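Chain and residue survey
So the chains spell out like this:
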Amino acid sequence: VVLGDISCWGGSLSIKSERLNMDIGTQVVGLGGTLVYRGGIELTSRDSRFGGLSGLLVSQNGNRALAISDRGWWLQGYLVYNQWGDLVGVRDMNILPMRSLEASSKFTLDAEAIVQTGEGDLIVAYERQHRLWSYSDVFSRPTPINMGKSLSNLPHNSGIESLVLMAPGEFLAITENGVGESNFAAFYKTKSGVSRVEYPYDSYFRPSDAVRIAQNSFLVLERGYNREVGVGARLVLAELRTLNENFEITKDVLVNLRWPIPLDNFEGLAITSGPTKPATVYLLSDDNYSKDQRTLLMMFELEISLPIQYLKKTNLQRP
């Protein structure tokens, strides 16, 4: 991830970060993997522009982060670590309005997902007025991405929540809306057009962000909420397969987020990895500009325990 030059920003943002009350090294074990806690913070600000953070990018070295908000703001700054590499805070945070091609409001700039291309462009998915726009950087005017009529029938507040760059010039857009009880709509954009794909749905967890980890494989953050169960979240390892010129998504649950991990409305997912270290996963929650919810940023090492033949497709390590 190549982020913009922070020194060029003019809109500094005063943010307070408070460490979460959770022991470093705490493990949460799932059916397909383990999360090892490496630090977390709650972010607060008196600035009314702050909040509603949905998509997240983190530079490969873990130093810098870029997020988008439900009301059309770029939020960018540095992540702070202690001597052991645990996440302990943020610094030099800046905020900038996302430029639009039309008269804008908090509804027309409801940004929900972001991905960065290999050329450095930023592709953003917007909800309510469903569309995809490409930005050369955070200062630029956007260029619309042609999705044909694929997004025209999406419900007002149930659009694209996840974007995954699958290959140069090709990306997968996953919505939180479906035509049946067992699938959500997704769209695979290639140079030749847009193909409809079904994303498996189990009536509670809904995809809220995703990142590619290897050829045809991607990690999905899924969130859940209803009055009976409350708030939930999990990480899923998914694969995009080609079947007779059609596309299919299969997935395996890695780990359910549960106590002692504090749960909230998780909508941002980023991952960094290297050849000699486990993958580092960052989770970001959306407070919906509500006093009853929080903006949490947490960091974990993700260890995979799926079969060897599956792991050969990914750059993640076994524990």
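Below, the structure is looked at part by part. (Residues numbered from 1 in each chain as written. Predicted model: local features only at pLDDT ≥ 70, side-chain atom pairs only at ≥ 80, totals over all residues. Heavy atoms only, no water.)

A closer look at the sheet that holds strand β10 (residues 131–135)
One open sheet accounts for 4 strands, arranged β8-β9-β10-β11; its pairing is antiparallel. Strands at the two margins of the open sheet, each flanked by one partner only, are β8 (110–116) and β11 (143–144). Across 6 bridges, the pairing between β8 and strand β9 (residues 122–127) is antiparallel. Paired with A113 across the strands is A125, a residue of β9. (Pairing = 2+ DSSP bridges. Helix = DSSP H or I, 4+ residues; strand = E, 2+ residues; numbered from the N terminus.)

Focus on the nonpolar core
Nonpolar side chains in soluble globular proteins tend to be buried together. Judged by nonpolar contacts, the single largest core of 27 residues is most densely connected at L219, L235 and L283. Those elements that place two or more of their residues in this core are β3 (33–44), β16 (205–214), β17 (217–226), β18 (230–243), β19 (246–257), β20 (266–274), β21 (277–285) and β22 (295–304). For this core, the leading source of residues is β22, giving 5 residues. Excluding residues within four positions of it along the chain, L219 makes contact with D209, A210, V211, I213, L235, V236, L237, L254, L269, I271, V281 and L302. Within the second largest apolar cluster, 22 residues are counted, among which are V58, A67, L75 and M93. (Core = buried A, V, L, I, M, F, W, Y, C linked by side-chain atoms within 4.5 Å. Buried < 20%, exposed > 50% of the residue type's maximum accessible area, 1.4 Å probe, protein only. Contact = heavy atoms within 4.5 Å.)

Notes on the side chain of R38
Mapping R38 onto the fold places it in strand β3. With relative accessibility at 15%, the residue R38 sits in the buried group. Not counting residues up to four positions away in its chain, the partners in contact with R38 are I24, W84, G85, D86, L87, M299, F300 and E301.

Here's the deal with unusual backbone geometry
In this structure, P260 follows W259 across a cis peptide bond, with omega equal to 10°. Looking at where P260 falls in the secondary structure, it is placed in the loop between β19 and β20. Here the phi dihedral of N288 falls at roughly 55°; this positive angle occurs in a residue that is not glycine. Mapped onto the elements, N288 comes out in the loop between β21 and β22. Even without being a glycine, Y289 presents a positive backbone phi close to 55°. Within the secondary structure, Y289 is located in the loop between β21 and β22.

Points about empty space enclosed by the protein
The full count for this structure, using the stated rule, is 2 cavities of 30 Å³ or more. If you add up the space inside the largest cavity, you get close to 100 Å³. Lining of the largest cavity is provided by 13 residues; of these, L43, A65, L75, M93 and L297 occupy positions nearest its centre. Those elements giving two or more residues to the lining of the largest cavity turn out to be β4 (53–58), β5 (64–69), β6 (73–81) and β7 (87–97). (1 Å grid on protein atoms, 1.4 Å probe; cavity = no way out; pocket = protein on both sides within 12 Å on 5 of 7 lines; lining within 4 Å. Points joined across faces, edges and corners; volume = space filled by probe spheres on them.)

These figures come from the coordinates and say nothing about function on their own.
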